[in-house]
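The residues making up each chain are set out below.
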Amino acid sequence: MKFEKIQAPKGVREYLPPESSAFEWVREQLIAPAKAAGYTLMELPVFEDTNLFTRGVGESTDVVSKEMYTFEDRGGRSITLRPEGTAGVMRAVIEANLDRGQLPVKVWYSGQFFRAERPQAGRYRQFYQVGIEAIGVDDPALDAEVIAIADQGFKNLGLKNYRLDITSLGDAASRAAHRVDLMKFIGQLDLDEATKERASINPLRLFDDKRPQMQSAMAKAPLLLDYLSEESRANFDRVKEYLTVMGIAFVVNPRMVRGLDYYTGTTFEFVHSDLGAQSGIGGGGRYDGLMEILGGQTLSGIGFGLGVDRALLAAVAEGTVPGEEFSSDLFIIPLGDEAKSSALRMAQELRARSIRIEIAFGDRALKGAMKAADKSGARYVIVLGDAELAAGEVELKRMSDGVISSVKIEQLKSTLIEALSLTTLN
RNA sequence: GUGGGCGUAGCUCAGCUGGUAGAGCACUCGGUUGUGGUCCGAGAUGUCGCGGGUUCGAGCCCCGUCGUUCACCCCA
């Protein structure tokens, strides 16, 4: 009887050994600056009420209109696998009344997100992001700090070939004024139906079209940045000033468009140059109306999401991923059942002292077991057989140079602790 | 959703104008009665993605299908 193999669903990216350690490293580096800045963990569900996204992210967005994994649960409720992180954070903050305390609420999150798109380099149906949100304070200094935290994450990875684009979407009045002129401009263009449709939903989207004819058509389009109210402009100037003070390089990109509807004011995006078509490694911005739309207070917020998968691709492209570091301190090769029992007991005792132990399993030939010990990168090896158990003494082999020394079993722990701390000091 | 490339051993791939499958690495065992890395020897492993067609004969050609990959739309 031969069963068919089952494959992973289309478009998922898995991280298996040895690459998984690099993934873990990237995720830790990306989020470390947020932890250092006082952000605390929020662990959220990966599925939510569908309305959270249609209302929060916006029905006009591609994400909501054609990329959501939506299904009905057994109680007939419409459920959606989260396509982004901010809406879920807002929902939880409102639900738990976290916004009634000290502001800003500062949280970070990490996990997988889902979009039903056609996969390609750097774009997967399940992808990983780390992100932060700072809710309840509208201050350009906070905007600058949030951007700085994201930037520091990429710097932690050793990345150099990336650029930070920033712009401001201004306040509602600024956007309204600009929209009138932009619509007028777009009305003069000769557009295909699909593009006209997109323009009517959100004219700003046309700035993001990669097709060359569209790029040149939009070259003379009125820019939102030129329509900012005095207050918005002053606010944006402060953000730029603070970034400069922090030594963070940025480019003002008035044509930058974000894909989600809730953004207002300061928005930003990190773009890496070695990744092919999907080059955005992170982005975010301020969202003034989101909390209210989701039934909460009228509070502003700002946050970002960083793509862990893409950041890893970038780190690999730039060659900054550190080598595998794990190696056990002691590798025990037991010969026979009685020896296995002793090996397990020794391992138990030594691990309690944070000594890293691996055991050779499976009754393989000694040569093979030694080979496995070598591959594992173990610093020391002992062979445990009847002779050793009878004598109460083992031969401790130092793998770096092959030197063997006799050690009484009862002294193994202290001997190892001493030997390991000495090598660490070297 | 649209378009192009690619599916051969665990991995990376080779396979001439069609003649019934190979390399390197990895793996196992041995050279060393119980001590790794180098070296030497031996060995195991494939429905050539799947289905159909053309042919005396298909890994190679044709059609379909699935998977994968890159790009478009869009995005992390």
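Residues numbered from 1 in each chain as written. Chains lettered and ligands numbered in written order. Predicted model: local features only at pLDDT ≥ 70, side-chain atom pairs only at ≥ 80, totals over all residues. Heavy atoms only, no water.

Right, let's get into the environment of Lys66. If you trace the backbone, Lys66 turns up in helix α3 (residues 62-66). With a relative accessible area of 56%, Lys66 lands in the exposed category. With 115 residues separating them in the primary sequence, Lys66 and Asp181 have C-alpha atoms 29 Å apart. (Helix = DSSP H or I, 4+ residues; strand = E, 2+ residues; numbered from the N terminus. Buried < 20%, exposed > 50% of the residue type's maximum accessible area, 1.4 Å probe, protein only.)

What follows deals with the pairing of strand β5 (residues 105-114). Residues in a regular strand point their side chains to alternate faces of the sheet. Most of β5 sits out of view: eight of its ten residues are buried. Sheet topology note: the strand β1 (residues 40-41)/β5 ladder contains two bridges and is parallel. Each residue of the ladder has a partner; that of Thr40, found in β5, is Val107. Strand direction decides the pairing type here: β5 and strand β6 (residues 126-135), joined by ten bridges, are antiparallel. Paired with Trp108 across the strands is Ile132, a residue of β6. (Pairing = 2+ DSSP bridges.)

Moving on: the protein's contact with RNA strand B. Around RNA strand B, 48 residues are found, and the nearest of them are Arg123, Arg198, Gly259, Lys375 and Glu388. Between RNA strand B and Arg115 there is a distance of 2.5 Å, counted from a sugar or linking oxygen to a side-chain nitrogen or oxygen. Take Arg123: an N or O atom from its side chain is 2.3 Å from a base nitrogen of RNA strand B. Put simply, the parts of the chain that give the surface near RNA strand B at least two residues each are α3, β6, β10 (280-287), α13 (366-376), α14 (386-391) and β15 (393-398). In terms of residues, the surface near RNA strand B owes the most to one element, α13, which gives six residues. The residue makeup of the surface near RNA strand B, split by class, is eleven nonpolar, twelve polar and 25 charged. (Near = heavy atom within 4 Å. Polar contact = N/O pair within 3.5 Å; in protein donor to acceptor, adjacent residues only side chain to side chain. Nonpolar A, V, L, I, M, F, W, Y, C, P; charged D, E, K, R; others polar.)

Quick look at the side chain of Asn253 now. Inspection of the secondary structure assignment puts Asn253 in the loop between β8 (251-252) and β9 (264-272). Residues in contact with Asn253, not counting those within four places in the same chain, are Asp165, Ile166 and Thr167. (Contact = heavy atoms within 4.5 Å.)

It is the contact of helix α1 (residues 19-36) with helix α11 (residues 308-318), at a shortest axis distance of 9 Å, that shows an interaxial angle of 110°. One way to sum up the angle between α1 and α11 is to call them roughly perpendicular. Counting all contacts with α1, which are made through Glu19, Ala22, Phe23, Trp25, Val26, Arg27 and Leu30, the residues of α11 involved are Val308, Ala311, Leu312 and Ala315. The residue makeup of the contact of α1 with α11, split by class, is nine nonpolar, no polar and two charged. (Axes fitted to C-alpha atoms, helices over the stretch in contact; angles between N-to-C directions. Parallel < 35°, antiparallel > 145°, perpendicular 65-115°, else oblique.)

Okay, the domain arrangement of chain A next. Its domain assignment divides chain A into domain 1 (19-171 + 229-318) and domain 2 (330-425). A straight line from the C-alpha centre of domain 1 to that of domain 2 covers 48 Å. (Domains from an automatic or database assignment.)

Looking now at the sheet that holds β6. Taking strand neighbours across the sheet as the criterion, the eight strands line up as β1-β5-β6-β11-β10-β9-β7-β8 in an open arrangement whose pairing is mixed. The sheet is open, and its two edges are formed by β1 and β8, each paired on a single side. α1 rests against β5, β6 and β11 (301-307) of the sheet, and its axis sits at about 5° to β6.

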